[in-house]
Amino acid sequence: MMHRTITIHEVPRTLTDSASLADDALIAEVLELRAEVEQLSRALESRAVIDQARGMVMALAPCSGEKAWDLLVDVSQHRNVKLRDVAAALVGSTEGEALPDALQRALRDAFRRLHTADRL
């Protein structure tokens, strides 16, 4: 008889060849759902930081939420830095963390472009 061991919630479980395919499918689904929940949790955390940064841009510019979003995306793309990392750096700067020079320049340039576009 062949056995294999899998871990669910840190508890080892041995399945034999006689275990139903439904059990295997259920275990696979649970593991897949757990991974999805973790991914969604990270996305929610990122979204909160991005929304805070967006609010900061709206207050500093001043501009609409859509333009603030576009500005952050623009900086992210031009600097090849993930949007959540741009947002985290900007939000962190309010807590005494230094904004990296390259990111500071990119934000300054993006604010200038925003104001120039508003004047046209």
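In what follows, the structure referred to is the one given above.
No experiment lies behind these values; they were computed from the predicted model shown.

Procedures and definitions
Residues numbered from 1 in each chain as written. Predicted model: local features only at pLDDT ≥ 70, side-chain atom pairs only at ≥ 80, totals over all residues. Heavy atoms only, no water. Axes fitted to C-alpha atoms, helices over the stretch in contact; angles between N-to-C directions. Helix = DSSP H or I, 4+ residues; strand = E, 2+ residues; numbered from the N terminus. Parallel < 35°, antiparallel > 145°, perpendicular 65-115°, else oblique. Contact = heavy atoms within 4.5 Å. Nonpolar A, V, L, I, M, F, W, Y, C, P; charged D, E, K, R; others polar. Left-handed = near helix turned anticlockwise from the far one by under 90°.

Q: Would you explain the packing of helix H2 (residues 65-79) against helix H3 (residues 83-92) in this entry?
A: Helices that pack against each other are described as a pair by the angle of their axes relative to one another and the distance between those axes. With their axes 8 Å apart at the nearest point, H2 and H3 run at an angle of 110° to one another. Comparing their axes, H3 and H2 come out roughly perpendicular. Contact with H2, carried on its side by Trp-69, Leu-72, Val-73, Val-75 and Ser-76, involves Leu-83, Val-86 and Leu-90 of H3 and no other residues of that element. Taken together, the residues that form the contact of H2 with H3 break down as seven nonpolar, one polar and no charged.

Q: How should the environment of Ala-87 be read in this particular structure?
A: Position of Ala-87 among the secondary structure elements: in helix H3. On a C-alpha basis, the gap between Ala-87 and Val-49 in space is 6.1 Å, while along the polypeptide they are 38 residues apart. Setting aside chain neighbours within four positions, we find Ala-87 in contact with Val-49, Ile-50 and Ala-53.

Q: Would you take a moment to explain the packing of helix H1 (residues 21-60) against H2 for this structure?
A: In contact at an axis separation of 9 Å, H1 and H2 are set at 110° when each is read in the N-to-C sense. With respect to H2, the element H1 is oriented roughly perpendicular. Here the hand of the crossing between H1 and H2 comes out right-handed. Along the contact surface, H1 presents Arg-47, Ile-50, Ala-53, Arg-54, Val-57 and Met-58, while H2 presents Gly-65, Glu-66, Ala-68, Trp-69, Leu-71 and Leu-72. Here the residues of the contact of H1 with H2 are counted per class, giving eight nonpolar, one polar and three charged.

Q: Is there a simple way to explain the side chain of Ser-76 in this structure?
A: Looking at where Ser-76 falls in the secondary structure, it is placed in helix H2. Those residues in contact with Ser-76, other than ones at most four positions away along the chain, are Val-81, Lys-82, Leu-83 and Val-86.

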